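# Structural overview
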Amino acid sequence: MWKILKAKTAENNFYQRLALAGELIPYGKVATYGQLALLCGKPHNSRQVGRALNRGLAGSDFPAYRVVNSRGILSGAAAFDTPDLQKRLLKAEGIEVRENRVDLDAFGWKNTLEDALFLQKRFKEKGI
């Protein structure tokens, strides 16, 4: 029982961390699933990021439309209310989408060490 409870707590902490990381994705930029997993301290958990976004586990304010796969493809587009909603939201922010793909060199969020350290500090303050 304790192992299950401990695993659930760690999972919830990951989602809380993800919510905080999502707040930092700048307007007009996209982040990758792997990038967010790394910022949350779980570099091999990009699929968990996708699952969290698909199920709303990172909170209703999370800008899920700003998250793409490692090649810039809108791989989560099917999780939105309409298949083109992610593309429309990105275009509204000035992000070019061609053939369901974003140029990560031009529109990818280049988070800094300062961003990562800021998140670490916030995680520690919140005990997550």
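This text gives an overview of the structure that appears in the document. (Residues numbered from 1 in each chain as written. Predicted model: local features only at pLDDT ≥ 70, side-chain atom pairs only at ≥ 80, totals over all residues. Heavy atoms only, no water.)

### Thoughts on the side chain of Asn69
- Summarising the element assignment, Asn69 is placed in the loop between β2 (67-68) and α4 (85-92).
- Only 3.0 Å separates the side chain of Asn69 from the backbone nitrogen of Ile73, close enough to count as a polar contact. (Helix = DSSP H or I, 4+ residues; strand = E, 2+ residues; numbered from the N terminus. Polar contact = N/O pair within 3.5 Å; in protein donor to acceptor, adjacent residues only side chain to side chain.)

### Focus on the nonpolar core
- Ranked by size, the top nonpolar core spans 22 residues in total, and within it Leu18, Ile25, Leu36, Val49, Leu53, Phe62 and Val67 carry the most contacts.
- Tallying contributions element by element places helix α1 (residues 2-23) first for this core, with 5 residues.
- What Leu53 contacts, discounting residues up to four positions off in sequence, is Leu18, Tyr33, Ala58, Phe62, Ala64 and Val67. (Core = buried A, V, L, I, M, F, W, Y, C linked by side-chain atoms within 4.5 Å. Buried < 20%, exposed > 50% of the residue type's maximum accessible area, 1.4 Å probe, protein only. Contact = heavy atoms within 4.5 Å.)

### Quick look at the layout of surface pockets
- Volume-wise, the largest pocket comes out at about 200 Å³.
- Taken together, 14 residues make up the lining of the largest pocket; nearest its centre are Leu53, Asn54, Ala64, Ala79 and Phe80.
- In terms of residues, the lining of the largest pocket owes the most to one element, helix α3 (residues 46-55), which gives 3 residues.
- Classifying every residue of the lining of the largest pocket by side-chain character gives 8 nonpolar, 6 polar and no charged. (1 Å grid on protein atoms, 1.4 Å probe; cavity = no way out; pocket = protein on both sides within 12 Å on 5 of 7 lines; lining within 4 Å. Points joined across faces, edges and corners; volume = space filled by probe spheres on them. Nonpolar A, V, L, I, M, F, W, Y, C, P; charged D, E, K, R; others polar.)

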